[in-house]
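# Examination of the molecular architecture
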There are 4 protein chains.
Amino acid sequence: MNSPARISLDQLNAMDAAGFSAALAGVFEHTPWVAERARADGPFKTVTALHAALMDTVRTAPYDQQLAFLRGHPELADKVAKGLTAESQSEQGGLGLNSLSGAEFERFTKLNAAYREKFGFPFIVCVRRHTRDSILRVFEQRLHDNAGAELAAALTEIGHITRLRLIDKIDGPGMPKTTGRLSTHVLDTLNGRPAEGVAITLHEVGESARGLIASVVTNADGRSSKPLFENVPLRIGTYELQFHIGAYFAAAGAKTSDPAFLDIVPIRFAIAEPEGHYHVPLVASPWSYSTYRGS
Amino acid sequence: MNSPARISLDQLNAMDAAGFSAALAGVFEHTPWVAERARADGPFKTVTALHAALMDTVRTAPYDQQLAFLRGHPELADKVAKGLTAESQSEQGGLGLNSLSGAEFERFTKLNAAYREKFGFPFIVCVRRHTRDSILRVFEQRLHDNAGAELAAALTEIGHITRLRLIDKIDGPGMPKTTGRLSTHVLDTLNGRPAEGVAITLHEVGESARGLIASVVTNADGRSSKPLFENVPLRIGTYELQFHIGAYFAAAGAKTSDPAFLDIVPIRFAIAEPEGHYHVPLVASPWSYSTYRGS
Amino acid sequence: MNSPARISLDQLNAMDAAGFSAALAGVFEHTPWVAERARADGPFKTVTALHAALMDTVRTAPYDQQLAFLRGHPELADKVAKGLTAESQSEQGGLGLNSLSGAEFERFTKLNAAYREKFGFPFIVCVRRHTRDSILRVFEQRLHDNAGAELAAALTEIGHITRLRLIDKIDGPGMPKTTGRLSTHVLDTLNGRPAEGVAITLHEVGESARGLIASVVTNADGRSSKPLFENVPLRIGTYELQFHIGAYFAAAGAKTSDPAFLDIVPIRFAIAEPEGHYHVPLVASPWSYSTYRGS
Amino acid sequence: MNSPARISLDQLNAMDAAGFSAALAGVFEHTPWVAERARADGPFKTVTALHAALMDTVRTAPYDQQLAFLRGHPELADKVAKGLTAESQSEQGGLGLNSLSGAEFERFTKLNAAYREKFGFPFIVCVRRHTRDSILRVFEQRLHDNAGAELAAALTEIGHITRLRLIDKIDGPGMPKTTGRLSTHVLDTLNGRPAEGVAITLHEVGESARGLIASVVTNADGRSSKPLFENVPLRIGTYELQFHIGAYFAAAGAKTSDPAFLDIVPIRFAIAEPEGHYHVPLVASPWSYSTYRGS
């Protein structure tokens, strides 16, 4: 996120080979040849085109070189204990992977060992797109892949990782999509209007979940004035929005039972594409509600 | 619940005054005059009419006698430690009031003391219609009542308590309504048919909640073949139905995201009338759902 | 529908060959060999088994004989003008095919001619399962079939026609399914209860539609006490239920706009399987509603 | 609508008494004293403030003067035959009041006579806010008013009429709200995304309704790129949106019945406040849908 040495795409395009590689050091971990070769396709008109050229270089490299590149990545659980590139360290920290419980650490260690034994390179995942629960989930899924599928999966993840790193370093036209957003909207079908003043909390749920993420109140249009994910990216994982509609309808003088049939309405859903827009509205009366993935 | 000496209404009507009172001993705690006076209105055609006559006797008794009657009831928290009528003991046991945590016991004790100080008689509530959370909730609400409203509230609760006790003792025509029921139904709007094979769990939720209450699977009509409250009465409280529709739609071959947008759908609602019918359906596609209090 | 000479399956099984054929005359039009051959598979335990044996006889007959059999059927539009079996006549009358407008008659005549020219036999459809609009629709669809598919389609229709005719003649165990049903249910999400007293009309819609079919009012459970299709079978076609919820909510004292946002709610849907159960509920507040194919 | 002599509020404020009155001639029919008196409250900072001053002048005028003013208005049905202010003529033309059928004309004539007999002044309604059906509806409602309520109702309508006329003449800051808007949105709950390419038609419905008003197709966000009321104001009345979702789901390869359970989904609703925003979404699968007044 904070990248003191952020430069413009024009500046990068104007650099000589050594400067170009130095400017992109850290994007592809310990692998200067990626930047060196990709530079031949420049100058780049957009940051997206630059990223595509870098990834093409990796994807068309000889198998042995790809393998060496993958092997240069740190182990996921190891990352905690040992030195990382500054980028890796900051990415892990955001998710709390550096403060795993003993049992979680052990689970990661076992999965890492099994994965490396089967595929010969460490498990690579774009941590910034995931919650801890979803990392464990895909880790276990990918252990069942065959070698070819898993090589492709690892390169896809490297595409995600490096896209996000590039954005932190280079500024320019045609920035790749980084993070999506989550929005909500509360409609009051008792009165046929947006529900104003509904308290909503957002929680990450699951075994290793971070718990409460945001707490907002709906405005006159039934929406949240501040974003539900503020200063943090969306991550693949399971979430729960809790809408305090009991208090809202009581304040609006609605006749209901005591206690009210509906008080806190939980809506649990998964985010699968962190770059997407997730609109999760609540359409409610004191006795009914509906939700759907909207837009 | 278990009532070894259950007799018929005809048998009761045929009894002399002493037998009549003996047969109803325990229904109105330590208060033989209720049965004695009410007998004058007999013979009774229905159990409901018998109960109405008994309650009328209480409601039309002089204030001092009502007060003495109320004072004869055990303290709610005390019930745990001291002797109770057999009926009270079994009622408390069903809810786990005899295994309160230290903090819960202390909270009950404080409320009991404050209540007795304000009103001069112990807090009376029909425990069999409540969860622990809802008892605490009404306890705190009723502490704010004035004396007249609270006397009425106590008599209403005695009506509930004695109705349930009477049903355990007397068998006959016109039995009063005892307990309602909770039902559900899962509709699959992807395929326009009932959803068969959906796992559903029912949980009591809240601070002192009992947790998992039932676990069922929907049949070919999208309903549960066995009742959600089996052998236990509905109680005022907050519940959550959890519908495992992610697994259902995956088995049905539905195209969705990975992880699925909807996996376990929680529907949280309150039961306010334990004698009512609560129908809480789920109408769902892989990307949307709705619920309502149905019938 | 009315079948003065209805006999039991036992009686039929006990008949000699001549009686058996005579009893089933009219089921397969002008084709005594069907009954004659099928009798060899008897005695029949169920009416369904009898019908299956009759249809197997047709399906396994030589192609030339099948063709002759199909050619023995009346033209659909011709039916009006010329003599029909009594069964055909009554079936057409029920739908009003004997009172077509000039334009409709002409359209049928053109389709008949084109169909006979292409396939060499008249268009056969089980009229009792259709509305006029759906007959025209399938007529045009089937004109595009190849010969093999169309022979199969014609035999499928004969299966429907003869199943319904058989039921009118033979009484016994294992009766085949004849007609499904349409039901509805109105839930009031303003008050969390069934909506009582809602006027509902059912209309057949489309170019040649019959218009109003039924007019009912919901009972205390929010349902119609009398069936929506009374004394008439469900037919493939497009229908509209119109729910007068504006008047209902006004009577219930609901606060809404003037005029009310929702007054008459139309729900338009198609029946594709006349033997199925169509449950089409309305879940409504003064400002919202939902519907779905239920069960 | 077209007002060749539109001037700015600044220009108006700068005018002398004669110019001021001349500039506003036609806003309050044949009643120069309204503008003359209101000018004393100027200069006006906003067009809204100017309108408020004009209406205050009317509302605080002596009863006899108010009555004379109301009597100066044309009869609604008469308007067709006789001369009107240019403004009245153009307003009527927009709704087709100058092309009433004989029966409609007669109905208006009778209502006009009854109204004038009861209240002593002609029925006044802001035609630009109404459909023909809603004019007849409020005409019949207001015939039952008492004199005081009806005087207030007439002045409210004059407020609406003159607000719209003023906007056509004067341009400046703080323009009063003129017309609201109708929007829609189609969500596909089969695929969890906006429904693109859905044909939607908007119809005015009712006895004297204008029929088809707009025909649009949803864009990639499931919305209509062009407004549903283009170049015309919203009017109080009953409308039907028809969503062609059968064709949409067929194109999307959805598995459904033949014919499809849902093909054209009609949503019928009333607009009660022409200045409001009516958002009427459709959330649909091939077997279910819901709608609500959104925002």
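Every chain begins its residue count from 1, and numbering advances along the sequence as written. Each chain takes a letter, starting from A, and each ligand takes a number, starting from 1, following the order in which they are written. This being a predicted model, a pLDDT of at least 70 is required before a residue's local features are given, and a value of 80 or more before pairs of side-chain atoms are given or counted; all residues contribute to the totals for chains, interfaces and linings.

### What to know about the overall build of chain A
The following threshold applies: A run of H or I in DSSP becomes a helix once it reaches four residues, and a run of E becomes a strand once it reaches two; helices and strands are each numbered from the N terminus. With C-beta atoms placed from the backbone, the exposure class of a residue follows from how many other C-beta atoms lie within 10 Å of its own: 20 or more, buried; 12 or fewer, exposed; in between, partly exposed. Residue pairs qualify as contacts under a 7 Å threshold applied to their C-beta atoms, which are placed from the backbone.
On a plain count of helices and strands, chain A comes out with 11 helices and 12 strands. Relative to its 295 residues, chain A shows a buried fraction of 37%. Long-range pairs, those at least 24 residues apart, make up 67% of the contacts in chain A with a sequence separation of at least 6.

### A few points about unusual backbone geometry
Each neighbour pair has its own omega, and for Gly42 of chain A with Pro43 of chain A the value is 0°, a cis peptide bond. In this fold, Pro43 of chain A is placed in the loop between helix H3 (32-38) and helix H4 (47-59). At the junction of Asp258 of chain D and Pro259 of chain D, the peptide bond is cis and its omega measures out at 0° in the coordinates.

### As for the relation of the copies chain B and chain A
For clarity, the threshold we go by: Least squares is used to superpose the copies, and the fit set is the C-alpha atoms of residues whose pLDDT is at least 70 in both copies.
Least-squares fitting of chain B to chain A yields an RMSD of 0.1 Å, with the transformation described by 0.0 Å of translation along the axis and a rotation of 180°. As the rotation angle and translation indicate, the two copies are arranged about a two-fold axis. Considering only C-alpha atoms, the part of chain B nearest the rotation axis is Ser290 of chain B, at 1.9 Å. Comparing interface residues between copies, 100% of those in chain B also sit at the interface in chain A, which points to an isologous, same-surface contact.

### Brief notes about the interface of chain B and chain A
Many authors give the size of an interface as the accessible area that is lost as the parts come together. This is how it is decided: Each residue receives one of three labels: charged for Asp, Glu, Lys and Arg, nonpolar for Ala, Val, Leu, Ile, Met, Phe, Trp, Tyr, Cys and Pro, and polar for the others, Gly being one of them. Here, strands pair whenever DSSP counts at least two bridges between them.
Between chain B and chain A, the residue contacts involve 21 residues of the former and 22 residues of the latter. Here the side of chain B that touches chain A takes six residues from strand E9 (residues 264-271) of chain B, the largest share from any one element. Classifying every residue of the side of chain B that touches chain A gives 13 nonpolar, four polar and four charged. Sheet topology places strand E12 (residues 288-292) of chain A next to strand E12 (residues 288-292) of chain B; five bridges connect them, and they run antiparallel. For Tyr292 of chain A, the partnering residue across the bridge sits in E12 of chain B and is Ser288 of chain B.

### Points about the packing of helix H4 (residues 47-59) of chain B against helix H10 (residues 147-169) of chain B
Residues and elements named next belong to chain B. Put simply, the test is: Working convention: axes come from line fits to C-alpha atoms, limited for helices to the stretch in contact. Angles between N-to-C directions cover 0 to 180 degrees. Whether a crossing is left-handed or right-handed is set by the direction in which the near helix is turned from the far one by less than a right angle, anticlockwise for left-handed and clockwise for right-handed.
Contact geometry of H4 with H10 gives a least axis separation of 10 Å together with a crossing angle of 145°. Note that H4 runs across H10; the crossing there is right-handed. Residues Val47, Leu50, His51, Leu54, Met55, Val58 and Arg59 of H4 form the contact with H10, whose own contacting residues are Leu155, Ile158, Gly159, Thr162, Arg163 and Leu166. Of the residues assigned to the contact of H4 with H10, the class counts are eight nonpolar, three polar and two charged.

### Describing the sheet that holds strand E9 (residues 264-271) of chain D
Residue and element names in this part refer to chain D. With respect to topology, four strands assemble into an open sheet ordered E7-E6-E8-E9, the strand pairing being antiparallel. Both outer strands of the open sheet, strand E7 (211-217) and E9, are each paired with one neighbouring strand and no more. This sheet shows a mean twist of 20° between the axes of neighbouring strands, independent of strand direction.

### Considering the pairing of strand E6 (residues 199-205) of chain A
Residue and element names in this part refer to chain A. Bridging between E6 and strand E7 (residues 211-217) involves six bridges; their strand directions are antiparallel. Counterpart to Ala199 in the pairing with E7 is Val217. Pairing of E6 with strand E8 (residues 237-244), which is carried by six bridges, proceeds in the antiparallel orientation. The residue of E8 that forms the bridge with Val205 is Thr238.

### Quick word on the interface of chain D and chain A
Facing the 13 residues of chain D at the interface are 13 residues of chain A. Of all the secondary-structure elements, those providing two or more residues to the side of chain D that touches chain A are strand E5 (193-194) and strand E12 (288-292) of chain D. Broken down by class, the residue content of the side of chain D that touches chain A amounts to four nonpolar, six polar and three charged.

### Thoughts on the domain arrangement of chain A
Residues and elements named next belong to chain A. Convention followed: For every domain, the bounds stem from an assignment made automatically or drawn from a database.
Annotation of chain A at the domain level lists domain 1 (7-171) and domain 2 (181-290). Inter-centroid distance (C-alpha atoms) of domain 1 to domain 2 is 35 Å. Opposite the nine residues of domain 1 that make contact, domain 2 presents 12 residues.

### Brief notes about the relation of the copies chain D and chain A
Overlaying chain D on chain A yields an RMSD of 0.1 Å, the required transformation being a rotation through 180° with an accompanying axial translation of 0.1 Å. Residue by residue, 100% of the interface of chain D is reproduced at the interface of chain A, so both copies engage with the same surface.

### Observations regarding the sheet that holds strand E6 (residues 199-205) of chain B
Residue and element names in this part refer to chain B. Read from one edge to the other, the open sheet built from four strands follows the order E7-E6-E8-E9, with strand pairing classed as antiparallel. Sheet topology places strand E7 (211-217) and E9 at the edges, where each strand pairs with a single neighbour. Sheet twist, expressed as the average angle between the axes of neighbouring strands with direction ignored, equals 20°.

### With respect to the environment of Arg193 of chain B
For Arg193 of chain B, the location among the structural elements is in strand E5 (residues 193-194). In this view, Arg193 of chain B contacts Asp188 of chain B together with Ser295 of chain C; residues no more than four positions away in its chain are not counted.

### Side note on the confidence of the model for chain A
If pLDDT is low for a region, its predicted coordinates should not be looked at in detail. Residues and elements named next belong to chain A. As a reminder of what qualifies: Values of pLDDT, the confidence the predictor places in each residue, fall between 0 and 100.
Across chain A, pLDDT averages 87, with 90% of residues at or above 70. This model gives residues 80-86 a pLDDT under 50, and the stretch forms 10 contacts once residues within four places in sequence are excluded. The ipTM value of the predicted complex is 0.88, and its pTM value is 0.89.

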